[in-house]
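# Tertiary structure, described
Listed below are the residues making up each chain.
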Amino acid sequence: MANDPFAGLSDVRWSRMRHAYGAATEVPELLRGLADPDPAVRETALDGMYGAVHHQGDVYPCTLAAIPFLLRIAGAPHLPGRAEVVELLASIASAEDPAELSGPYKKANGAVTAAYPLWERLLDDPDPKLRKAVTGLLAACVDRARAVTTTLTGRLRNEDDPSVREAVVRTVGALARCESGAEDARDWLGRVLAMEVEPQVKLVALAELASLGDGPAVEVGDALDLLTTLYETGTPPVAPPAAFETPTLIGALRREREASDVGRRAPQAGEIVRTLSKGLGDRVDDRVRLLTALLRSPDGECRVDAMGPAHVLLANWRGDYAGLVSAVGDCVRDGRGRGRPGAVAMSRAAGVLEDLDELAAPAADALAEVLAATERRAASHTMLEDTELPWVIEWPGDQPTVSPALQAFSGTRDARALPMLAWALERERMPSDVAQLVGGFGPRAAPLLPLLRRRLRDLPTADPRDLRHESIAWALSRIGPGAAEALPDLLDQPVTTGLLAAFAAIGPEASACAPILRDAAASPDRAMAIPAAKALWLVTADVGAALAVADRYLGGDDKYALRPAVDILADLAPALTERDRAARARLTLLRRLVRRKDPHGWVPLAAARALYRLTGDPEVPLTVVPQVWELNRHTRTEAAELCAELGRAAAGTRPLLEAELSRVRRHNASDDGYGSAQIVDDEKLLRRCREALEAVG
């Protein structure tokens, strides 16, 4: 019984615990499955642990209760699957980011790292995969960082497996970043760099040195020389292909990795490129130099491996990216006719450019050339890495979408994209996002008005989930007054926010829609009433009707209606000349809203803008702008717009604006994910800050 890793498993009251999807009753079965002789059973159990018991990195009571059994499995030499169990324990212990843990995450870290004698023993295990996993887990042991570092640095010379040596270097670097005294680790990494013979280990040491900073600058040229050697000599596969399949997410990711490794000479190089680029951190120019050189390499593997790090850099850091984006564009152009490797690079390059908007301009000629040379066609989502770039992507059970390449080209606002978008608009199965891309051209999309009108009339209307009519109305709103010829077709559409935006943009020429706007403004739905009120004023100049809607929501208890209602007052300010009791009451209310405790700052910012427009007094907004700027980074674009509106009166905000423009990271950068509008939104903030600086003098 003493050697049974599952002793006492049935004594735990699993049914009283919960995980991401309900009661934790299946945890015993999952734990037993992790040590099953059948690798397919182990993979299925591991998927269940990551998917429910440790869902997206969360730690539940059942996660904590599972740790003792996971430790026993890891320490049982006769059991299979131990390396994967150690990797799971490393994730539960937050080995990737063990600093400043609290609550259940701190408890989990303590429970895993308390088994330090076990981890020391397993560093001598004959299985290199297990030694590598244990070495990675030791990054969680920040409370004994110096002891771990001493142990690992002493073992490196006797470790004969390159992947384990890489892990040793990574963990030493990670622990050095978690403590103040990193000088010893920096010196040791320098010695590794000088003495190591394996290029991948030298590259990881280079990356860790770069990430520590404050020491001698890591030369990009040295890294490029090592990478050239690595791609020439090759690396072993990350793992041999498995001889089984499971219907799990982990299984799908494994198969995807196995497929991507087929035919590769250096399948481990991609992770090293990512590590090196990440290690350079805020050294944007060095990262650009590194990745641009890799993207221009004649080696197809090299170009593919640089795509992901290039995307991460573009999404999260600011910089001069003209050369890098041009190199990505060349990968689109050069991929044609080069078979499968070229197609992969071409497709991934289009994915990097997809969300850059006008930042993709240096790649516009390459995109235009390849798209023009491609047969106009739609392709299945499963064929995105085909040998030709499609214009439209088909999805099972859903509407098609514009392809990443055409979306990227459209984002540059290059007029050559308009005929391509027209082709997509005309397709019987019109892509769900094509009208939005057309709208991005603003008044320059006016030549497509006849086509937009026809699609507005002939698209089916039965499915309430089909938002293509709405997107066409939005595109017409971006065209502006020039879309007036579409009024007869718009008047036949159901009332939506997109329709109201189109009427508002057309302006006085849309007077025939006044009854529709009045009905919508009277709606109990604020999402309909408030934009209808704004449209009513822009179309009919009826200030009273718009004010009535604003007053209704300003005096109500719907907190989510406050900001848009205040925005009505700000928009109407030029037309408000009244000095009656109601006007004074609104000013009093706005002053109260400025002082409102708002965790996000949106309502005080909106109220400050409205007050300034109504009174001409800049004192209140000059107090509010610095407050919301620090409170919520997402308010900064609107705050900068307000500074520009205040002009020279906002001269005191110059340090704030200059500090923002000097930041290397994007204001909305995230280590946890990526939003498709992330780059566009940050570039807009930078433009607004420059405009504000010019205005404040």
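Refer to the structure presented above.
Now for a description of the structure that goes with this document. (Residues numbered from 1 in each chain as written. Predicted model: local features only at pLDDT ≥ 70, side-chain atom pairs only at ≥ 80, totals over all residues. Heavy atoms only, no water.)

## Quick look at the overall build of the protein
Helix and strand counts for the protein come out as 36 helices and five strands. Relative to the globule expectation of 26 Å for 697 residues, the C-alpha radius of gyration of the protein, 30 Å, shows essentially globular dimensions. A burial count over the protein gives 53% of its 697 residues as buried. Sequence-distant contacts, at least 24 apart, represent 66% of the contacts inside the protein between residues at least 6 apart. Total accessible area computed for the protein in this model is approximately 31400 Å², and 52% of it derives from carbon and sulfur atoms. (Helix = DSSP H or I, 4+ residues; strand = E, 2+ residues; numbered from the N terminus. Rg over C-alpha atoms; globule rule 2.2 N^0.38 Å. Buried < 20%, exposed > 50% of the residue type's maximum accessible area, 1.4 Å probe, protein only. Contact = heavy atoms within 4.5 Å. Areas by Shrake-Rupley, 256 points an atom, 1.4 Å probe, with all protein chains shown as cover.)

## Notes on the layout of surface pockets
Which parts of space are left empty comes out when a probe the size of a water molecule is rolled across the atoms. In this structure, the second largest pocket encloses a volume near 650 Å³. Lining the second largest pocket are 21 residues, and of these Asp357, Arg413, Gln436, Trp474 and Val680 lie nearest its centre. Every element with two or more residues in the lining of the second largest pocket is listed here: helix H20 (404-411), helix H22 (434-439), helix H24 (468-479) and helix H36 (678-696). The element that contributes the greatest number of residues to the lining of the second largest pocket is H36, accounting for five residues. Taken together, the residues of the lining of the second largest pocket sort by class into four nonpolar, six polar and eleven charged. (1 Å grid on protein atoms, 1.4 Å probe; cavity = no way out; pocket = protein on both sides within 12 Å on 5 of 7 lines; lining within 4 Å. Points joined across faces, edges and corners; volume = space filled by probe spheres on them. Nonpolar A, V, L, I, M, F, W, Y, C, P; charged D, E, K, R; others polar.)

## Focus on the sheet that holds strand E3 (residues 378-380)
Judged by pairing direction, the sheet is mixed, and its three strands sit side by side in the order E3-E4-E5 without closing on themselves. Of all strands in the sheet, those bounded by a partner on one side alone are E3 and strand E5 (401-402). In terms of strand pairing, E3 meets strand E4 (residues 392-394) through three bridges, oriented parallel. In the sheet register, Ala378 faces E4, and the bridge partner there is Val392. (Pairing = 2+ DSSP bridges.)

## A word on unusual backbone geometry
Look at Gln56: it is not a glycine, yet its phi comes out positive at around 50°. Take Gln56: it is sitting in the loop between helix H2 (39-53) and helix H3 (61-75). You will see that Glu100, though not glycine, has its phi angle at about 55°, which is positive. With respect to the helices and strands, Glu100 occurs in the loop between helix H4 (82-92) and helix H5 (103-113).

## Description of the packing of H2 against H4
For the pair H2 and H4, interaxial distance at closest approach is 11 Å and the crossing angle is 5°. Taken together, H2 and H4 sit at an angle that is classed as roughly parallel. Across the interface between the two elements, Leu46, Met49 and Tyr50 from H2 touch Glu84, Glu87, Leu88 and Ser91 from H4. A breakdown of the residues in the contact of H2 with H4 according to their chemical character gives four nonpolar, one polar and two charged. (Axes fitted to C-alpha atoms, helices over the stretch in contact; angles between N-to-C directions. Parallel < 35°, antiparallel > 145°, perpendicular 65-115°, else oblique.)

## Digging into the nonpolar core
Of all hydrophobic cores here, the largest spans 227 residues; its most connected members are Leu31, Trp119 and Leu476. When residues no more than four places from it in sequence are discounted, the contact partners of Trp119 are Leu71, Ala74, Val86, Leu89, Val112, Val134, Leu137 and Leu138. (Core = buried A, V, L, I, M, F, W, Y, C linked by side-chain atoms within 4.5 Å.)

## What about the packing of aromatic side chains?
Applying the stated criterion across every chain yields a total of two aromatic pairs. Ring centres of Trp14 and Phe69 lie 6.4 Å apart, and the angle between their planes is 50°; on these two criteria the pair is classed as tilted. Residue Trp14 is found in the segment before strand E1 (18-19), and its partner Phe69 is found in helix H3; the two are separated by 55 residues along the sequence. Accessibility classification places Trp14 together with Phe69 in one group, the buried group. Ring plane angle 85° and centroid distance 5.3 Å describe the contact between Trp391 and Trp423, whose orientation is recorded as edge-to-face. With Trp391 in the loop between E3 and E4 and Trp423 in helix H21 (residues 418-426), this pair connects stretches of sequence that are 32 residues apart. (Phe/Tyr/Trp six-rings, centres within 6.5 Å; stacked < 30°, edge-to-face > 60°.)

## Things to note about the pattern of salt bridges
Using the criterion set out here, one finds 48 salt bridges in the structure. Note that Arg177 is salt-bridged to Glu208, the shortest N-O span being 2.6 Å. Within this pair, whereas Arg177 is found in helix H9 (residues 162-177), its partner Glu208 is found in helix H11 (residues 199-212), the two being separated by 31 residues in sequence. Arg177 gets classed as partly exposed once you look at its relative accessible area, which sits at 43%. Under the relative-accessibility criterion, Glu208 is labelled buried at 6%. The partner of Glu638 in a salt bridge is Arg609, and the shortest N-O contact between them spans 3.5 Å. (Salt bridge = Lys/Arg side-chain N within 4 Å of Asp/Glu carboxyl O.)

## Notes on the environment of Arg18
By the secondary structure assignment, Arg18 is in strand E1. When its relative accessible area of 55% is taken as the criterion, Arg18 is described as exposed. Between the C-alpha atom of Arg18 and that of Ala408, which follows or precedes it by 390 residues, the distance is 44 Å. Those residues in contact with Arg18 that lie beyond four places of it in its chain are Ala23, Ala24, Tyr60 and Cys62.

## Here's the deal with the side chain of Arg427
Within the secondary structure layout, Arg427 lies in the loop between H21 and H22. If we skip the residues at most four places from it in the chain, Arg427 touches Ala378, Val392, Glu394, Pro400 and Arg455.

## Quick look at the environment of Val148
Tracing the sequence through the fold places Val148 in helix H8 (residues 145-155). The sequence separation of Val148 and Leu554 amounts to 406 residues, and the corresponding C-alpha distance is 60 Å. With sequence-adjacent residues up to four places away left out, Val148 is seen in contact with Tyr116, Leu138, Cys141 and Leu175.

## Regarding helix H32 (residues 602-615)
In this model H32 runs 20 Å from its N-terminal to its C-terminal C-alpha over 14 residues, within 8% of the 20 Å that 1.5 Å per residue would give. For H32, the buried fraction is high: ten of the 14 residues fall into the buried class. Residues Val603, Pro604, Leu605, Ala606, Ala607, Ala608, Arg609, Ala610, Leu611 and Tyr612 constitute the buried set of H32. Gly616 sits one or two positions beyond H32 and adopts a positive phi of about 75°. (Expected span 1.5 Å × (residues − 1).)

## Here we look at the packing of helix H23 (residues 449-458) against H24
It is the contact of H23 with H24, at a shortest axis distance of 10 Å, that shows an interaxial angle of 150°. The orientation of H23 relative to H24 falls into the category roughly antiparallel. Crossing hand, H23 versus H24: left-handed. Facing Leu449, Leu452, Arg455 and Leu456 of H23, the residues of H24 in contact are His469, Ile472, Leu476 and Ile479. Considered class by class, the residues forming the contact of H23 with H24 number six nonpolar, one polar and one charged. (Left-handed = near helix turned anticlockwise from the far one by under 90°.)

## Points about the side chain of Arg636
By secondary structure assignment, the location of Arg636 is in helix H34 (residues 636-646). You can call Arg636 buried: its relative accessible area is 9%. Within polar-contact distance, the side chain of Arg636 engages the backbone oxygen of Trp629 at 3.0 Å. If sequence neighbours within four positions are ignored, Arg636 has contacts with Trp629, Glu630, Glu660, Arg663, His667 and Leu685. (Polar contact = N/O pair within 3.5 Å; in protein donor to acceptor, adjacent residues only side chain to side chain.)

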